[in-house]
Amino acid sequence: MGRTNPTYRDALRAIEERWTDFRRALRRRDQPRFDQLFEYAREHADAGGLLNHQNPLLPALISIDLEQEARLDEHEERLAELENALNEADDRQQHSKAGTTEDGLH
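Overview of the structure. (Residues numbered from 1 in each chain as written. Predicted model: local features only at pLDDT ≥ 70, side-chain atom pairs only at ≥ 80, totals over all residues. Heavy atoms only, no water.)

### Structural notes on unusual backbone geometry
Part 1 of the argument: At N52, a position not held by glycine, the phi torsion is positive, near 50 degrees.
Part 2 of the argument: Note on placement: N52 falls in the loop between helix 4 (45–51) and helix 5 (57–98).
Part 3 of the argument: Exposure remark for N52: the relative accessible area of 54% places this residue in the exposed category. (Helix = DSSP H or I, 4+ residues; strand = E, 2+ residues; numbered from the N terminus. Buried < 20%, exposed > 50% of the residue type's maximum accessible area, 1.4 Å probe, protein only.)

Listed below in structure tokens is the structure:
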């Protein structure tokens, strides 16, 4: 016997196809971003398929949220690293200035 329900991946493809006109109406700079959102949803298709939700758009949206949350975490981590590096450089500079007398000698 065959499946009576389409797979989650099939449902996701159908959703993306229904949004084709919307994508086409977007500015060119936003079209790759739109495509990326569906890529995020496909990244979690296994989990979405296991859920077998009545509305396949909901697991797709949660998948997109998960990927964006991961990107935010990466950006926050990178920002913290950069802030630490700047603070360390500032501390070294302050320490270097404190070790120098007014005539430039140590």
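After that view, the rundown keeps rolling.
### Considering the pattern of salt bridges
Note that side chains of opposite charge can pair when their charged atoms are close.
Part 1 of the argument: One pass over the structure, following the stated rule, counts eight salt bridges.
Part 2 of the argument: Between E16 and R42 there is a salt bridge, with the nearest N and O atoms lying 2.8 Å from each other. With a gap of 26 residues between them, E16 in helix 1 (residues 8–18) and R42 in helix 3 (residues 31–43) connect regions that are remote in the sequence.
Part 3 of the argument: On the basis of relative accessibility, which here comes to 22%, the residue E16 falls in the partly exposed class.
Part 4 of the argument: The partly exposed category is assigned to R42, whose relative accessible area is 33%.
Part 5 of the argument: One salt-bridge network, in which partners are shared between bridges, spans E16, E39 and R42. (Salt bridge = Lys/Arg side-chain N within 4 Å of Asp/Glu carboxyl O.)

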